[in-house]
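Architecture and fold: a report
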Amino acid sequence: MAMNSAYPSASASQANAPGLIDFRSDTVTRPDAAMRQAMMQAEVGDDVYGDDPTVNALEAKAAGLLGKEAAVYCTSGTQANLSAMLSHCQRGEEIIAGHGYHVLAAEAGGCAALGGIVPCAIPTGADGGLDPDDIEAAIKPDDPHCPISRLISLENTMGGRVQSVARLEAAAAVARRHGLSVHLDGARLMNASVALGVSAKDLAACADTVTICLSKGLGAPVGTVLAGPADVIARARRQRKLLGGAMRQAGVLAACGLYALEHNVERLAEDHANARRLAQGLAELPGFEIDLESCQTNMVFARLPSGNWETILDHVGEAGVTISHGRNLRLVCHKDITSDGVDIALQAFQQAATS
Ligand SMILES: Cc1ncc(COP(=O)(O)O)c(C=O)c1O
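To continue, consider the domain arrangement of the chain. Domain boundaries assigned for the chain yield domain 1 (15-30 + 267-354) and domain 2 (45-263). Placing the centre of domain 1 and that of domain 2 at their C-alpha centroids yields a distance of 29 Å. Sort the elements by how many residues they give to the side of domain 1 that touches domain 2 and helix H12 (residues 268-283) lands first, with four residues. Among the residues forming the side of domain 1 that touches domain 2, the class breakdown is four nonpolar, eight polar and three charged.

Bringing the sheet that holds strand S9 (residues 289-290) into the picture now. Reading across from one edge, S9-S10-S12 is the order of the three strands in this open sheet, with antiparallel pairing throughout. The open sheet is flanked by S9 and strand S12 (328-332), the only strands paired with a single partner. By the bridge criterion, two bridges tie S9 to strand S10 (residues 299-303) in an arrangement that is antiparallel. Bridge pairing in S10 links Ile-290 to Ala-302. Strands in contact with H12 are S9, S10 and S12; relative to S10, the strand with the most contacts, it is inclined by about 15 degrees.

This part is about the confidence of the model for the chain. For the chain, mean pLDDT is 94; residues scoring 70 or higher make up 95% of the total. Every residue in residues 1-13 is under pLDDT 50, and counting partners more than four places away or in other chains gives 18 contacts.

Thresholds applied
Residues numbered from 1 in each chain as written. Predicted model: local features only at pLDDT ≥ 70, side-chain atom pairs only at ≥ 80, totals over all residues. Domains from an automatic or database assignment. Helix = DSSP H or I, 4+ residues; strand = E, 2+ residues; numbered from the N terminus. Nonpolar A, V, L, I, M, F, W, Y, C, P; charged D, E, K, R; others polar. Pairing = 2+ DSSP bridges. Contact = placed C-beta atoms within 7 Å. Axes fitted to C-alpha atoms, helices over the stretch in contact; angles between N-to-C directions. pLDDT = per-residue confidence, 0-100.

Structure representation (structure tokens):
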């Protein structure tokens, strides 16, 4: 492929290659030729001195997209969430979030381990959102027995499900009434934006700080941006440094993020359509239980038949389709799985289920 045009088209060969029909997560996407070209052409400088023009451009673009004053480029969603939590909360203060939310359930307990922040999990609704009454009940009184409630953390999408602006605003309103800050883990906020036809800015308006991951459905190899008010982001920049995440000529990576925001947002709709088709196809197979209601973006949740689920997994694996091991499956569609890849997977599941 010629590498001298500004952005050559993506290599088709990397999609659907055997073993690369990988449904484990949208984090498995690989930078395509056009993204690598953007990387190669990136202007760089020392970002710790604020000198990297590509990082600066990415941060400015993300802040604009999310309707916030400033943004900081972090190495991962975990680091961006933790930088935010450390910026909002002091030791002994409390973060309230949904049961199963990534900040509490899947980030190695970083807020407690590194920040002395007290985690409080409240029920998560069927749509992945939080009920205002549950938030209200969880906020602690001004009592020396209790931690000081400081931050509500929301998540959208959550388990592939989307919450509307109204749903997010209702949760945030409780926080505001009590003088708490609001963080939104928007690792896949662009999926929610595309699915709802609502701008990322409108979805983020409920929150003081918000993240979007560039390394998931958007297809960049690395990085998450955290956006918010200038003073909070200045504190988060210091926390990122403390966490070892201040990089130097990071423009080579930020270029992928910029490319992703410019070229890979609208195409998320293809992943959503693929997921829907996959879910509907699997739902027709004997003994398969598919949660069609939760298939709102790029994720499919499936429960395989009790008798032969391991045989099914073996067969599907032999057909070159990679999925996580277990009877309860999460299958995630992304840019490296085309519609043909979905057909291959459906065919493999069908053969395994009916043989
Ligand atoms: C909702 C959510 N938030 C945060 C993260 C953390 O992102 P990272 O893996 O880049 O640390 C993930 C990762 O899957 C996620 O799903």
